[in-house]
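Secondary and tertiary structure notes
Below, each chain spelled out in residue letters.
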Amino acid sequence: MTLGLLNANPVVQAKKERLARTQDQHRDYDGLDTLDTKYVRDIRDPEHPYSLEQLSVLSEDSITLDDKLNRILITFTPTIQHCRMATIIGLCLRAKLKECLPLHYKVDIRVSPGSHADEDSVNKQLNDKERVVAALENPNLRQLVDECICSNEI
């Protein structure tokens, strides 16, 4: 079953409790919901039946919102330095945020500094619009991204 996995036994964290929020508690002063992991916390890892949050790939500290500049920076940490799914994880993050956020926000997605052997290459791929569009036009990649985004099995 684990044949071909680079990280066959990832460290899995317990799911964090979800707090019920009132509208005022999560509204930013400029009108955008304060961006936390609520948009991306349930994205499933492409290799494992766990969420990115459970695998500590994402945390609330890894998401930065600059509402004045309309920019969002997400920094994620792959579970291993040679993670071949890092670009898929980034595509999942980008696709999910595209569905959830206003179009005027610029989203930058990066791997955490020093967390991936091909950090520069992965960052370049994840933030190149043409490469992202081409990747999401590939039916196999799109299906994998959609499965990770829409997974209800977590």
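Residues numbered from 1 in each chain as written. Predicted model: local features only at pLDDT ≥ 70, side-chain atom pairs only at ≥ 80, totals over all residues. Heavy atoms only, no water.

The protein has the name MIP18 family-like domain-containing protein in an unreviewed UniProt entry, where Brassica campestris is given as its organism. UniProt annotates the protein under Sequence similarities (unreviewed entry) with the comment "Belongs to the MIP18 family." (UniProt positions renumbered as here; feature names shortened; annotations may be inferred.)

Concerning the pattern of salt bridges
Between side chains of opposite charge, a pair can form as their charged atoms come close. Counted under the stated rule, the structure contains six salt bridges. In this structure, the salt-bridge partner of Glu 53 is Arg 41, at a minimum N-O distance of 3.1 Å. One end of the pair, Glu 53, is in the segment before strand S1 (63-66); the other, Arg 41, is in the segment before S1, and twelve residues separate them in sequence. Judged by its relative accessible area of 10%, Arg 41 falls in the buried class. A salt bridge links Arg 131 to Asp 128, with the shortest nitrogen-to-oxygen separation between them at 3.7 Å. (Salt bridge = Lys/Arg side-chain N within 4 Å of Asp/Glu carboxyl O. Helix = DSSP H or I, 4+ residues; strand = E, 2+ residues; numbered from the N terminus. Buried < 20%, exposed > 50% of the residue type's maximum accessible area, 1.4 Å probe, protein only.)

As for the pairing of strand S2 (residues 71-76)
Note that S1 and S2 share four bridges and pair antiparallel. Bridge pairing in S2 places Asp 66 opposite Arg 71. Connecting S1 to the antiparallel partner S2 that follows it, the hairpin turn spans four residues, and Asn 70 within it adopts a positive phi of roughly 55°. Bridge analysis of S2 against strand S3 (residues 106-111) gives six bridges, and the strand direction is parallel. (Pairing = 2+ DSSP bridges.)

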